[in-house]
Amino acid sequence: MLIVQKFGGSSVANADKIQKAAQRIVDTYKNGHKVIVVLSAQGDTTDDLIAKAKEINPEPSKRELDMLMATGEQQSCALMAMAIHRLGFPAISLNAVQVGISAFPQYGNARISRMKCDRIYSELERNSIVIVTGFQGINQYGDISTLGRGGSDTTAVAIAAEMQADLCEIYTDVDGVYTADPRMVKNAKKLKEISYDEMLELASLGAVVLHNRSVELAKKYNVRLVVRSSITDAEGTVVKEESQMESTYISGIALDRETAQITLIGMKDDPGMAFKIFSFMAKNKISVDIIIQSIGRQSVKDISFTVSTENLADTINLLEKNKDFIGYSHIMHDANQAKLSVVGAGMATNPGVAAAMFEALSDANISINMISTSEIKISVLIDERDAEQAVRYVHNRFFEQGVEF
Ligand code: ADP
Ligand code: ASP
Ligand code: MG
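Just so it is clear, the model here is predicted, and its values are computed rather than measured.

Scoring rules and cut-offs
- Residues numbered from 1 in each chain as written.
- Chains lettered and ligands numbered in written order.
- Predicted model: local features only at pLDDT ≥ 70, side-chain atom pairs only at ≥ 80, totals over all residues.
- Heavy atoms only, no water.
- 1 Å grid on protein atoms, 1.4 Å probe; cavity = no way out; pocket = protein on both sides within 12 Å on 5 of 7 lines; lining within 4 Å.
- Points joined across faces, edges and corners; volume = space filled by probe spheres on them.
- Helix = DSSP H or I, 4+ residues; strand = E, 2+ residues; numbered from the N terminus.
- Nonpolar A, V, L, I, M, F, W, Y, C, P; charged D, E, K, R; others polar.
- Buried < 20%, exposed > 50% of the residue type's maximum accessible area, 1.4 Å probe, protein only.
- Pairing = 2+ DSSP bridges.
- Axes fitted to C-alpha atoms, helices over the stretch in contact; angles between N-to-C directions.
- Contact = heavy atoms within 4.5 Å.

(A) Fine view of the layout of surface pockets. Here the second largest pocket defines a volume of roughly 350 Å³. In terms of lining, the second largest pocket is formed by 14 residues, of which the most central are Ile 112, Ala 158, Leu 217, Lys 220 and Tyr 221. Those elements that place two or more of their residues in the lining of the second largest pocket are β5 (112–115), α6 (152–162) and α8 (212–221). Here the lining of the second largest pocket gets five residues from one element, more than from any other, and that element is α8. In terms of residue class, the lining of the second largest pocket is made up of six nonpolar, two polar and six charged.

(B) Spatial organisation of the environment of Glu 242. By the secondary structure assignment, Glu 242 is in the loop between β12 (237–240) and β13 (252–268). The exposure class assigned to Glu 242 is partly exposed, which follows from its relative accessible area of 49%. Put simply, Glu 242 and Asp 197 are 45 residues apart on the chain and 9.1 Å apart in space, counted from C-alpha to C-alpha.

(C) Representation of the sheet that holds strand β18 (residues 377–383) in the model. If you walk across this open sheet you meet the six strands as β14-β15-β13-β16-β18-β17, and the pairing is antiparallel. Looking at which strands have only one partner, the edges of the open sheet turn out to be β14 (291–293) and β17 (370–374). Across the sheet, the axes of successive neighbouring strands diverge by a mean angle of 25°, strand direction being ignored. As paired elements, strand β16 (residues 330–343) and β18 share seven bridges and run antiparallel to each other. Residue pairing across strands places Leu 340 opposite Val 380, the latter belonging to β18. Across the sheet, helix α9 (residues 273–283) touches β13, β14 and β15 (300–308), and the angle it forms with β15 is around 20°.

Written out as C-alpha coordinates, the structure reads:
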(Lines give C-alpha, C1' and ligand atoms only; values in the text may rest on other atoms or scores of the structure.)
(Ligands and ions follow the chains in the order given, each with its own letter.)
Protein backbone atom coordinates (compact mmCIF):
# COMPACT_ATOMS: atom_id res chain seq x y z
CA MET A 1 0.00 0.00 0.00
CA LEU A 2 0.98 3.62 -0.39
CA ILE A 3 0.43 5.38 2.93
CA VAL A 4 0.73 9.08 3.84
CA GLN A 5 1.43 9.66 7.53
CA LYS A 6 1.20 13.19 8.90
CA PHE A 7 2.53 14.09 12.33
CA GLY A 8 1.43 17.34 13.99
CA GLY A 9 3.60 19.70 16.02
CA SER A 10 3.08 18.06 19.41
CA SER A 11 3.89 14.64 17.93
CA VAL A 12 7.39 15.79 16.92
CA ALA A 13 7.89 18.33 19.72
CA ASN A 14 11.24 16.99 20.99
CA ALA A 15 13.94 14.42 20.22
CA ASP A 16 12.13 11.67 22.09
CA LYS A 17 8.88 12.24 20.20
CA ILE A 18 10.68 12.39 16.85
CA GLN A 19 12.29 9.06 17.66
CA LYS A 20 8.93 7.52 18.60
CA ALA A 21 7.35 8.80 15.39
CA ALA A 22 10.35 7.54 13.41
CA GLN A 23 9.82 4.08 14.89
CA ARG A 24 6.16 4.11 13.87
CA ILE A 25 7.08 5.17 10.32
CA VAL A 26 9.75 2.48 10.07
CA ASP A 27 7.32 -0.17 11.37
CA THR A 28 4.92 0.73 8.56
CA TYR A 29 7.77 0.61 6.03
CA LYS A 30 8.94 -2.77 7.35
CA ASN A 31 5.45 -4.12 6.74
CA GLY A 32 6.13 -3.63 3.05
CA HIS A 33 4.33 -0.33 2.49
CA LYS A 34 5.59 2.74 0.68
CA VAL A 35 5.53 5.64 3.12
CA ILE A 36 5.31 9.38 2.58
CA VAL A 37 5.57 11.41 5.77
CA VAL A 38 4.31 14.99 6.15
CA LEU A 39 5.43 16.96 9.17
CA SER A 40 4.50 20.14 11.02
CA ALA A 41 7.03 22.28 12.81
CA GLN A 42 8.06 21.02 16.25
CA GLY A 43 5.81 21.99 19.19
CA ASP A 44 5.25 25.75 19.39
CA THR A 45 7.90 26.59 16.79
CA THR A 46 5.50 28.42 14.47
CA ASP A 47 4.19 30.59 17.32
CA ASP A 48 7.74 31.26 18.48
CA LEU A 49 8.80 32.31 14.97
CA ILE A 50 5.85 34.71 14.74
CA ALA A 51 6.77 36.18 18.13
CA LYS A 52 10.37 36.56 16.98
CA ALA A 53 9.25 38.41 13.86
CA LYS A 54 7.06 40.77 15.89
CA GLU A 55 9.95 41.58 18.20
CA ILE A 56 11.79 42.92 15.18
CA ASN A 57 8.79 44.53 13.49
CA PRO A 58 5.26 44.52 14.97
CA GLU A 59 3.83 44.46 11.45
CA PRO A 60 6.12 42.15 9.50
CA SER A 61 5.70 41.83 5.75
CA LYS A 62 3.58 38.79 4.98
CA ARG A 63 6.11 37.53 2.46
CA GLU A 64 8.96 37.63 4.96
CA LEU A 65 6.80 36.10 7.68
CA ASP A 66 6.10 33.14 5.38
CA MET A 67 9.82 32.83 4.63
CA LEU A 68 10.44 32.63 8.36
CA MET A 69 7.54 30.36 9.34
CA ALA A 70 8.34 27.82 6.65
CA THR A 71 11.74 27.14 8.25
CA GLY A 72 9.99 25.34 11.13
CA GLU A 73 8.78 22.51 8.92
CA GLN A 74 12.14 22.21 7.20
CA GLN A 75 13.79 21.66 10.60
CA SER A 76 11.45 18.90 11.71
CA CYS A 77 11.73 17.10 8.36
CA ALA A 78 15.52 17.08 8.35
CA LEU A 79 15.55 15.87 11.97
CA MET A 80 13.08 13.09 11.14
CA ALA A 81 15.25 11.91 8.23
CA MET A 82 18.22 11.75 10.62
CA ALA A 83 16.17 9.76 13.16
CA ILE A 84 15.12 7.25 10.50
CA HIS A 85 18.72 6.92 9.23
CA ARG A 86 19.78 6.12 12.77
CA LEU A 87 17.29 3.26 12.81
CA GLY A 88 19.04 1.98 9.71
CA PHE A 89 16.48 2.84 7.04
CA PRO A 90 16.64 5.08 3.95
CA ALA A 91 14.84 8.42 4.17
CA ILE A 92 15.03 11.80 2.47
CA SER A 93 13.46 15.12 3.44
CA LEU A 94 12.07 17.45 0.78
CA ASN A 95 10.62 20.96 0.99
CA ALA A 96 7.89 22.48 -1.18
CA VAL A 97 10.40 23.68 -3.81
CA GLN A 98 12.00 20.26 -4.13
CA VAL A 99 8.65 18.49 -4.40
CA GLY A 100 6.98 21.12 -6.58
CA ILE A 101 3.96 22.12 -4.52
CA SER A 102 2.47 25.15 -6.30
CA ALA A 103 0.14 27.54 -4.53
CA PHE A 104 -2.05 30.53 -5.26
CA PRO A 105 -0.33 33.67 -4.08
CA GLN A 106 -1.96 34.89 -0.90
CA TYR A 107 0.83 34.93 1.69
CA GLY A 108 -0.18 33.38 4.99
CA ASN A 109 -3.28 31.81 3.48
CA ALA A 110 -2.15 30.21 0.24
CA ARG A 111 -4.11 27.44 -1.46
CA ILE A 112 -2.43 24.52 -3.18
CA SER A 113 -2.95 24.85 -6.93
CA ARG A 114 -0.85 22.00 -8.30
CA MET A 115 1.17 19.17 -6.92
CA LYS A 116 4.04 17.65 -8.89
CA CYS A 117 5.02 14.30 -7.54
CA ASP A 118 7.84 13.13 -9.85
CA ARG A 119 10.51 13.63 -7.23
CA ILE A 120 8.45 11.80 -4.62
CA TYR A 121 7.88 8.93 -7.09
CA SER A 122 11.55 8.63 -7.90
CA GLU A 123 12.58 8.62 -4.24
CA LEU A 124 9.94 5.98 -3.47
CA GLU A 125 11.29 3.94 -6.40
CA ARG A 126 14.65 4.01 -4.65
CA ASN A 127 12.88 2.52 -1.65
CA SER A 128 13.29 5.65 0.40
CA ILE A 129 10.85 6.92 3.01
CA VAL A 130 9.97 10.40 1.75
CA ILE A 131 9.49 13.20 4.28
CA VAL A 132 7.77 16.35 3.06
CA THR A 133 7.40 19.75 4.76
CA GLY A 134 3.76 20.52 5.55
CA PHE A 135 2.12 23.96 5.45
CA GLN A 136 4.00 25.43 2.48
CA GLY A 137 3.73 25.95 -1.25
CA ILE A 138 5.48 28.01 -3.92
CA ASN A 139 3.47 30.81 -5.49
CA GLN A 140 3.63 32.16 -9.02
CA TYR A 141 6.47 34.55 -8.07
CA GLY A 142 8.56 31.61 -6.93
CA ASP A 143 8.10 32.59 -3.29
CA ILE A 144 7.28 30.39 -0.35
CA SER A 145 3.76 30.96 0.91
CA THR A 146 2.16 29.18 3.87
CA LEU A 147 -1.24 27.53 3.80
CA GLY A 148 -2.77 29.02 6.95
CA ARG A 149 -2.42 27.79 10.52
CA GLY A 150 -2.89 24.06 10.80
CA GLY A 151 -2.20 23.70 7.06
CA SER A 152 0.04 20.64 7.25
CA ASP A 153 -3.07 18.45 7.27
CA THR A 154 -3.92 19.94 3.87
CA THR A 155 -0.45 19.19 2.49
CA ALA A 156 -0.83 15.56 3.60
CA VAL A 157 -4.24 15.12 2.00
CA ALA A 158 -3.15 16.92 -1.20
CA ILE A 159 -0.22 14.51 -1.58
CA ALA A 160 -2.47 11.53 -0.79
CA ALA A 161 -4.94 12.74 -3.43
CA GLU A 162 -2.34 13.39 -6.12
CA MET A 163 -0.52 10.12 -5.54
CA GLN A 164 -3.74 8.16 -5.08
CA ALA A 165 -2.52 6.84 -1.75
CA ASP A 166 -4.47 4.02 -0.16
CA LEU A 167 -4.60 5.78 3.18
CA CYS A 168 -3.85 9.15 4.78
CA GLU A 169 -3.22 8.95 8.52
CA ILE A 170 -3.23 12.11 10.63
CA TYR A 171 -1.27 11.43 13.84
CA THR A 172 -1.97 13.90 16.61
CA ASP A 173 -2.16 14.35 20.39
CA VAL A 174 -5.72 13.00 20.70
CA ASP A 175 -6.77 9.54 19.55
CA GLY A 176 -9.53 10.58 17.20
CA VAL A 177 -12.35 13.02 16.54
CA TYR A 178 -14.60 13.47 19.57
CA THR A 179 -18.12 14.80 20.07
CA ALA A 180 -16.44 17.95 21.46
CA ASP A 181 -12.87 19.06 22.18
CA PRO A 182 -11.82 16.41 24.74
CA ARG A 183 -9.65 19.00 26.49
CA MET A 184 -12.76 21.00 27.29
CA VAL A 185 -15.35 18.26 27.81
CA LYS A 186 -14.00 15.36 29.87
CA ASN A 187 -16.75 12.92 28.89
CA ALA A 188 -16.67 13.73 25.18
CA LYS A 189 -17.05 10.55 23.15
CA LYS A 190 -14.76 9.33 20.41
CA LEU A 191 -16.43 8.84 17.04
CA LYS A 192 -15.64 5.64 15.19
CA GLU A 193 -16.39 7.40 11.94
CA ILE A 194 -17.71 10.70 10.64
CA SER A 195 -18.79 11.83 7.17
CA TYR A 196 -16.70 14.30 5.18
CA ASP A 197 -19.54 16.83 5.30
CA GLU A 198 -19.95 16.75 9.04
CA MET A 199 -16.18 16.83 9.62
CA LEU A 200 -15.84 19.73 7.20
CA GLU A 201 -18.50 21.63 9.11
CA LEU A 202 -16.91 20.88 12.51
CA ALA A 203 -13.44 21.85 11.27
CA SER A 204 -14.72 25.07 9.69
CA LEU A 205 -16.55 25.95 12.89
CA GLY A 206 -13.52 25.70 15.12
CA ALA A 207 -12.59 22.04 15.73
CA VAL A 208 -8.87 22.37 14.99
CA VAL A 209 -8.25 18.62 14.99
CA LEU A 210 -8.27 18.81 11.17
CA HIS A 211 -7.58 21.80 8.91
CA ASN A 212 -10.90 22.42 7.16
CA ARG A 213 -9.36 22.54 3.68
CA SER A 214 -7.84 19.10 4.23
CA VAL A 215 -11.33 17.71 4.70
CA GLU A 216 -12.58 19.57 1.63
CA LEU A 217 -9.79 17.97 -0.44
CA ALA A 218 -10.33 14.54 1.08
CA LYS A 219 -13.99 14.72 0.08
CA LYS A 220 -13.21 15.97 -3.42
CA TYR A 221 -10.68 13.23 -4.14
CA ASN A 222 -12.23 10.56 -1.92
CA VAL A 223 -9.12 10.17 0.22
CA ARG A 224 -9.41 7.62 2.99
CA LEU A 225 -8.58 9.72 6.05
CA VAL A 226 -7.97 8.51 9.59
CA VAL A 227 -7.29 10.68 12.65
CA ARG A 228 -5.35 8.82 15.34
CA SER A 229 -2.95 9.09 18.23
CA SER A 230 0.82 9.37 17.81
CA ILE A 231 1.20 8.01 21.35
CA THR A 232 -1.14 5.01 21.59
CA ASP A 233 -2.31 2.34 19.16
CA ALA A 234 -6.00 3.20 19.69
CA GLU A 235 -8.07 2.82 16.57
CA GLY A 236 -8.82 6.42 15.63
CA THR A 237 -11.67 7.99 13.65
CA VAL A 238 -12.31 7.30 9.98
CA VAL A 239 -13.48 10.28 7.93
CA LYS A 240 -15.38 9.05 4.88
CA GLU A 241 -18.19 9.63 2.43
CA GLU A 242 -21.10 7.96 4.18
CA SER A 243 -21.23 7.38 7.85
CA GLN A 244 -23.51 5.48 10.12
CA MET A 245 -23.64 8.67 12.12
CA GLU A 246 -26.72 9.54 10.09
CA SER A 247 -28.64 7.40 12.51
CA THR A 248 -27.97 10.02 15.17
CA TYR A 249 -28.98 13.65 14.97
CA ILE A 250 -25.81 15.29 16.17
CA SER A 251 -22.20 14.33 15.50
CA GLY A 252 -20.39 17.01 17.46
CA ILE A 253 -20.01 20.43 18.99
CA ALA A 254 -17.42 23.01 17.93
CA LEU A 255 -16.24 26.25 19.47
CA ASP A 256 -14.55 29.14 17.70
CA ARG A 257 -13.16 31.72 20.09
CA GLU A 258 -11.65 33.83 17.32
CA THR A 259 -14.90 35.62 16.65
CA ALA A 260 -15.60 39.35 16.81
CA GLN A 261 -18.90 41.15 16.42
CA ILE A 262 -19.34 44.49 14.67
CA THR A 263 -22.53 46.55 14.65
CA LEU A 264 -23.26 49.54 12.46
CA ILE A 265 -25.86 51.68 14.19
CA GLY A 266 -28.25 54.07 12.51
CA MET A 267 -27.93 53.09 8.88
CA LYS A 268 -30.29 54.61 6.35
CA ASP A 269 -33.07 52.19 5.48
CA ASP A 270 -32.34 52.39 1.72
CA PRO A 271 -32.08 49.54 -0.79
CA GLY A 272 -28.50 48.39 -1.44
CA MET A 273 -27.07 49.19 1.99
CA ALA A 274 -26.05 45.60 2.71
CA PHE A 275 -24.50 45.42 -0.76
CA LYS A 276 -22.38 48.52 -0.04
CA ILE A 277 -20.94 47.14 3.18
CA PHE A 278 -20.36 43.59 2.11
CA SER A 279 -18.88 44.43 -1.27
CA PHE A 280 -16.23 46.49 0.59
CA MET A 281 -15.54 43.48 2.74
CA ALA A 282 -15.34 41.13 -0.24
CA LYS A 283 -12.96 43.45 -2.14
CA ASN A 284 -10.68 43.41 0.87
CA LYS A 285 -10.90 39.61 1.17
CA ILE A 286 -12.46 39.72 4.63
CA SER A 287 -14.95 36.92 5.23
CA VAL A 288 -18.13 37.79 7.01
CA ASP A 289 -19.96 35.15 8.93
CA ILE A 290 -23.24 35.60 10.80
CA ILE A 291 -25.24 38.68 9.72
CA ILE A 292 -28.36 40.12 11.28
CA GLN A 293 -30.25 43.23 10.41
CA SER A 294 -32.73 44.95 12.68
CA ILE A 295 -36.20 45.81 11.45
CA GLY A 296 -36.15 49.40 10.16
CA ARG A 297 -37.69 52.03 12.43
CA GLN A 298 -38.09 55.70 11.52
CA SER A 299 -36.08 55.00 8.33
CA VAL A 300 -32.97 53.80 10.17
CA LYS A 301 -31.75 50.31 11.01
CA ASP A 302 -28.74 48.49 12.45
CA ILE A 303 -26.63 45.76 10.84
CA SER A 304 -24.58 43.41 12.97
CA PHE A 305 -22.12 40.81 11.68
CA THR A 306 -19.15 38.73 12.75
CA VAL A 307 -15.60 38.48 11.40
CA SER A 308 -12.63 36.53 12.68
CA THR A 309 -10.76 38.36 15.45
CA GLU A 310 -7.64 38.71 13.30
CA ASN A 311 -9.65 40.75 10.79
CA LEU A 312 -11.33 43.03 13.34
CA ALA A 313 -8.85 45.94 13.18
CA ASP A 314 -8.79 45.96 9.35
CA THR A 315 -12.58 45.83 9.20
CA ILE A 316 -13.07 48.74 11.60
CA ASN A 317 -10.49 50.73 9.64
CA LEU A 318 -12.26 50.04 6.38
CA LEU A 319 -15.70 50.92 7.72
CA GLU A 320 -14.47 54.13 9.36
CA LYS A 321 -12.71 55.26 6.19
CA ASN A 322 -15.96 54.82 4.26
CA LYS A 323 -18.32 56.11 6.92
CA ASP A 324 -19.87 58.86 4.80
CA PHE A 325 -20.29 56.66 1.77
CA ILE A 326 -21.91 53.82 3.73
CA GLY A 327 -23.92 56.23 5.88
CA TYR A 328 -24.21 55.12 9.50
CA SER A 329 -24.06 57.00 12.74
CA HIS A 330 -21.59 54.88 14.72
CA ILE A 331 -19.83 51.52 15.06
CA MET A 332 -19.78 49.18 18.01
CA HIS A 333 -17.48 46.18 18.23
CA ASP A 334 -16.69 43.36 20.61
CA ALA A 335 -13.65 41.11 20.20
CA ASN A 336 -14.64 38.85 23.09
CA GLN A 337 -17.27 36.78 21.39
CA ALA A 338 -17.29 33.06 20.66
CA LYS A 339 -19.28 30.97 18.24
CA LEU A 340 -20.68 27.70 19.52
CA SER A 341 -22.03 25.26 16.93
CA VAL A 342 -23.86 21.98 16.97
CA VAL A 343 -23.26 19.88 13.83
CA GLY A 344 -25.15 16.89 12.53
CA ALA A 345 -26.47 15.63 9.22
CA GLY A 346 -29.61 14.37 10.92
CA MET A 347 -30.82 17.71 12.24
CA ALA A 348 -32.22 19.20 9.03
CA THR A 349 -35.68 17.82 9.58
CA ASN A 350 -35.66 18.11 13.36
CA PRO A 351 -36.65 21.48 14.79
CA GLY A 352 -36.19 19.91 18.22
CA VAL A 353 -32.40 20.20 17.89
CA ALA A 354 -32.45 23.99 18.01
CA ALA A 355 -34.90 23.95 20.90
CA ALA A 356 -32.70 21.53 22.86
CA MET A 357 -29.61 23.68 22.27
CA PHE A 358 -31.37 26.87 23.39
CA GLU A 359 -32.78 25.08 26.41
CA ALA A 360 -29.29 23.95 27.47
CA LEU A 361 -28.01 27.53 27.17
CA SER A 362 -30.97 28.82 29.10
CA ASP A 363 -30.32 26.25 31.86
CA ALA A 364 -26.77 27.58 32.02
CA ASN A 365 -28.14 31.13 32.19
CA ILE A 366 -26.14 32.13 29.10
CA SER A 367 -27.57 34.67 26.71
CA ILE A 368 -27.40 34.28 22.96
CA ASN A 369 -26.28 37.31 20.95
CA MET A 370 -26.85 35.95 17.43
CA ILE A 371 -28.14 32.77 15.83
CA SER A 372 -27.46 31.21 12.45
CA THR A 373 -28.64 27.90 11.04
CA SER A 374 -28.03 25.72 8.00
CA GLU A 375 -29.08 22.22 7.01
CA ILE A 376 -26.46 20.56 9.14
CA LYS A 377 -25.55 23.07 11.85
CA ILE A 378 -26.86 25.59 14.32
CA SER A 379 -24.47 28.29 15.54
CA VAL A 380 -24.93 30.81 18.32
CA LEU A 381 -22.78 33.77 19.20
CA ILE A 382 -22.15 34.11 22.93
CA ASP A 383 -19.79 36.03 25.23
CA GLU A 384 -16.37 34.37 25.22
CA ARG A 385 -16.29 34.15 29.01
CA ASP A 386 -19.34 31.85 28.89
CA ALA A 387 -17.91 29.66 26.14
CA GLU A 388 -16.53 26.65 28.01
CA GLN A 389 -19.55 26.37 30.26
CA ALA A 390 -21.81 26.61 27.24
CA VAL A 391 -19.96 23.80 25.47
CA ARG A 392 -20.31 21.57 28.54
CA TYR A 393 -24.03 22.27 29.00
CA VAL A 394 -24.83 21.74 25.33
CA HIS A 395 -22.70 18.60 25.19
CA ASN A 396 -24.41 17.27 28.28
CA ARG A 397 -27.83 17.96 26.78
CA PHE A 398 -27.14 16.07 23.55
CA PHE A 399 -24.74 13.34 24.58
CA GLU A 400 -25.48 12.62 28.23
CA GLN A 401 -29.17 13.27 28.66
CA GLY A 402 -30.04 12.35 25.08
CA VAL A 403 -32.53 14.34 23.08
CA GLU A 404 -36.03 13.15 22.51
CA PHE A 405 -38.01 14.53 19.62
P1 ADP B 1 -1.57 18.87 15.57
O2 ADP B 1 -0.46 19.69 16.11
O3 ADP B 1 -1.34 17.40 15.68
O4 ADP B 1 -2.01 19.29 14.19
P5 ADP B 1 -3.87 20.27 16.69
O6 ADP B 1 -3.62 21.00 17.97
O7 ADP B 1 -3.90 21.08 15.44
O8 ADP B 1 -2.79 19.09 16.57
O9 ADP B 1 -5.24 19.43 16.79
C10 ADP B 1 -5.45 18.53 17.87
C11 ADP B 1 -6.29 19.22 18.93
O12 ADP B 1 -7.59 19.46 18.42
C13 ADP B 1 -6.55 18.40 20.16
O14 ADP B 1 -5.51 18.51 21.10
C15 ADP B 1 -7.87 18.94 20.69
O16 ADP B 1 -7.70 19.80 21.79
C17 ADP B 1 -8.42 19.76 19.53
N18 ADP B 1 -9.82 19.45 19.19
C19 ADP B 1 -10.80 20.38 19.00
N20 ADP B 1 -11.96 19.79 18.72
C21 ADP B 1 -11.74 18.45 18.73
C22 ADP B 1 -12.59 17.32 18.49
N23 ADP B 1 -13.89 17.45 18.19
N24 ADP B 1 -12.03 16.09 18.58
C25 ADP B 1 -10.72 15.94 18.86
N26 ADP B 1 -9.88 16.98 19.09
C27 ADP B 1 -10.37 18.23 19.03
N1 ASP C 1 3.21 24.60 11.80
C2 ASP C 1 1.99 25.16 11.26
C3 ASP C 1 1.13 25.75 12.37
O4 ASP C 1 1.50 25.70 13.53
C5 ASP C 1 1.22 24.20 10.41
C6 ASP C 1 0.63 23.01 11.14
O7 ASP C 1 0.97 22.73 12.29
O8 ASP C 1 -0.19 22.33 10.53
O9 ASP C 1 0.09 26.28 12.08
MG1 MG D 1 -3.30 20.73 13.45
